[in-house]
Amino acid sequence: MLLGLQLAGVSSKGMTIQERKSAVKLSADVAMAGARGSTNWTRALIANLSKQERNKAILRCILGKDYEKLTKPCQYHSWKNPRSKQILRRSVIRVCSRKRNVLRAPATSVLAKVLVKKRTQVLKSLLPGGESLYGFYLLDETLDYVISLRVQVDLMQRLLKASETSNLG
């Protein structure tokens, strides 16, 4: 993260507050993605950051040889989504055939399904690369991302404390 801050020139007096903020965020995001390795959300985060030309040089310098690996599409767990859709489709067909003679589900279960679907969509929008994830894999990636964010916040708090103590002394 410190390397990213140095490369972005955060200590430069000519930078505005907004430029410093985006340089710190870029450095923190790249450090977090680089430390975590190759997951779906890290690849999506690096891909989003590398869309801007000014970020590419910083990304290449910080990540080094990992830059190429993290910008390639994720092949890990790619078989799970289609396979789980097939399993889900089969189980739905079986359940529907059993329920033909049974009355419709109560309104509470329909409401619960709608709420779960809405919350899943919100979760997908919050997680980088989450739009293509489903079910337990979405939860697994989200948990990993939240833990990484927590570590990032702790690191930034410690850097702030160190900076304050060095300015006082």
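Residues numbered from 1 in each chain as written. Predicted model: local features only at pLDDT ≥ 70, side-chain atom pairs only at ≥ 80, totals over all residues. Heavy atoms only, no water.

Engineer: Mind showing me how you'd approach the nonpolar core here?
Structural biologist: Buried together is how nonpolar side chains tend to be arranged in soluble globular proteins. In this structure, Ile46, Leu59 and Leu63 are the most contacted members of the largest nonpolar core, which totals 18 residues. For this core, the secondary structure elements donating two or more residues are helix H2 (17-36), helix H3 (40-49), helix H4 (53-63), helix H5 (66-71) and helix H8 (135-168). If sequence neighbours within four positions are ignored, Leu59 has contacts with Val30, Ile46, Leu49, Ser50, Gly64 and Tyr67. (Core = buried A, V, L, I, M, F, W, Y, C linked by side-chain atoms within 4.5 Å. Buried < 20%, exposed > 50% of the residue type's maximum accessible area, 1.4 Å probe, protein only. Helix = DSSP H or I, 4+ residues; strand = E, 2+ residues; numbered from the N terminus. Contact = heavy atoms within 4.5 Å.)

Engineer: Would you explain the environment of Asn40 in this entry?
Structural biologist: Here Asn40 shows up in helix H3. As a C-alpha pair, Asn40 and Glu141 span 101 residues in sequence and 7.2 Å in three-dimensional space. Here Asn40 is in contact with Pro128, Gly129, Ser132, Leu133, Tyr137 and Glu141, once residues within four sequence places are set aside.

Engineer: What is the right way to read the pattern of salt bridges from this model?
Structural biologist: Close approach of charged atoms allows side chains of opposite charge to pair. What the rule picks out here adds up to 4 salt bridges. One salt bridge in this structure joins Asp29 and Lys25, with 3.0 Å as the shortest N-O distance. With Asp29 and Lys25 both in helix H2 and 4 residues apart, the pair spans about one turn of that helix. The class of Asp29 is buried, set by a relative accessible area of 8%. Note that Arg150 is salt-bridged to Asp154, the shortest N-O span being 2.6 Å. Of the two residues, Arg150 and Asp154 are both situated in helix H8; the distance of 4 residues between them amounts to about one turn of the helix. (Salt bridge = Lys/Arg side-chain N within 4 Å of Asp/Glu carboxyl O.)

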